Amino acid sequence: KVIFDGTPRKNKILLSKVMPFDLHDNANSNQSKKDYDLLYFGRNINYKGLDILYDSLSKTKSSLKVAILGVNVSALPWDTLENKHSITVVDKYLSEENISKFINASEFCIYPYRSVSQCGPLVISLSFNQKAIVPDLEYFKYYASLKNIIFFKAGSSKSLTYTLDHLNEINKNINKLE
């Protein structure tokens, strides 16, 4: 299967050649109740917008179970949100095997990026046929035809907060499509 041949394009990649993404034996396990509503994994670098996620979690009306994994992710005061959310923070590099356990235990992977040229974590999560919440940046629009991609306005914690407030409804609608 050719996922992307490296040729830059302005138009969309033909996703019919990409699907299905479930390359792993345990792709999006059929576990009915997931341990986490949201999973963020990757380094805490400014362009990845982890602070946008933090701000949105502080404002959402929903109570969520969140896993935050990666190098330097504990730089934000996640413990201040623990009265509202159940938050697991793992501040270190994790192997693919450990990441896969968290992906399978999560309802959505979330990528609150400010800017992006490529996104390895998204490709990894899609290989598990995982649902993803992504900003409306050009790179992510290549995946717009997938039913398990949810968009919010890039750089906007208000837009992401709205998405988080309606996550249960969104998830029910996605599950109807499956």
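Peer 1: Requested: an account of the packing of helix α1 (residues 50-59) against helix α5 (residues 157-165), with residues and values cited.
Peer 2: Between two packed helices, the angle of one axis relative to the other and the distance separating the axes together describe the packing. The interhelical angle for the contact between α1 and α5, taken along N-to-C directions, is 55 degrees, at an axis separation of 8 Å. When the interaxial angle is binned, α1 and α5 end up oblique. Where α1 crosses over α5, the handedness of that crossing is right-handed. Residues I52, L53, D55, S56, L57 and K59 of α1 lie in contact with α5, whose contacting residues are S157, L160, T161 and L164.

Peer 1: Could you give me a rundown of helix α6 (residues 167-177), with the residues and numbers involved?
Peer 2: For α6, the full list of buried residues reads L167, I170, N171 and I174. Each buried residue of α6 sits inside an arc of 100 degrees when the element is viewed along its axis, so together they form one side. Residues of α6 that are exposed and angled more than 90 degrees away from the buried face: N168, K172 and K176. If you follow the buried residues of α6, they end up packed against β1 (36-41), β4 (106-110), β5 (131-135), β6 (149-152) and α5.

Peer 1: Explain the side chain of K131 to me, and be specific about the residues and the numbers.
Peer 2: Here K131 is to be found in strand β5. A polar contact is formed between the side chain of K131 and the side chain of N171, at a distance of 2.4 Å. Those residues in contact with K131 that sit more than four places away from it in its chain are E107, F108, C109, N148, N171, I174 and N175.

Peer 1: Which residues make up the pairing of β4, and what values go with them?
Peer 2: Most of β4 is tucked away: five of the five residues are buried. Bridge count for β1 against β4 is three bridges, and the pairing is parallel. Opposite Y36, over in β4, you have S106 as the bridge partner. In the sheet, β4 pairs with β5 via three bridges, with the strands oriented parallel. Bridged to I110 within β5 is I133. Handedness of the β4-helix α3 (residues 120-127)-β5 crossover: right-handed.

Peer 1: Tell me about the sheet that holds β4, residues and numbers included.
Peer 2: With respect to topology, six strands assemble into an open sheet ordered β3-β2-β1-β4-β5-β6, the strand pairing being parallel. At either margin of the open sheet sits one strand with a lone partner, and together these are β3 (86-90) and β6. On average, adjacent strands in this sheet sit at an angle of 20 degrees to one another, irrespective of strand direction. Bridge count between β5 and β6: four bridges; the pairing is parallel. Each residue of the ladder has a partner; that of P135, found in β6, is F152.

Peer 1: Describe in detail the environment of Y162, supporting the description with residues and values.
Peer 2: One can find Y162 in helix α5. Distance in space between the C-alpha atoms of Y162 and K61 is 9.2 Å, their sequence separation being 101 residues.

Peer 1: Can you explain the environment of K158? Please cite residues and give values.
Peer 2: Assignment of secondary structure puts K158 in helix α5. Residues K158 and K59, 99 residues apart in the sequence, show an inter-C-alpha distance of 8.5 Å.

Peer 1: How would you sum up unusual backbone geometry? Please name residues and give values.
Peer 2: The phi dihedral of N72 is positive, around 70 degrees, even though this residue is not glycine. Relative to the helices and strands, N72 is located in the loop between β2 (65-69) and β3. On the basis of relative accessible area, N72 is assigned to the partly exposed category, the value being 40%. We note that N129 has phi near 60 degrees; this positive angle belongs to a residue other than glycine. The residue N129 is located in the loop between α3 and β5 in this model.

Reading guide: rules and limits
- Residues numbered from 1 in each chain as written.
- Predicted model: local features only at pLDDT ≥ 70, side-chain atom pairs only at ≥ 80, totals over all residues.
- Heavy atoms only, no water.
- Axes fitted to C-alpha atoms, helices over the stretch in contact; angles between N-to-C directions.
- Helix = DSSP H or I, 4+ residues; strand = E, 2+ residues; numbered from the N terminus.
- Parallel < 35°, antiparallel > 145°, perpendicular 65-115°, else oblique.
- Left-handed = near helix turned anticlockwise from the far one by under 90°.
- Contact = heavy atoms within 4.5 Å.
- Buried < 20%, exposed > 50% of the residue type's maximum accessible area, 1.4 Å probe, protein only.
- Arc of directions from axis to C-beta.
- Polar contact = N/O pair within 3.5 Å; in protein donor to acceptor, adjacent residues only side chain to side chain.
- Pairing = 2+ DSSP bridges.
- Right-handed = clockwise from strand over helix to strand, strands pointing away.

Functional significance is not addressed by these values, which are geometric in nature.
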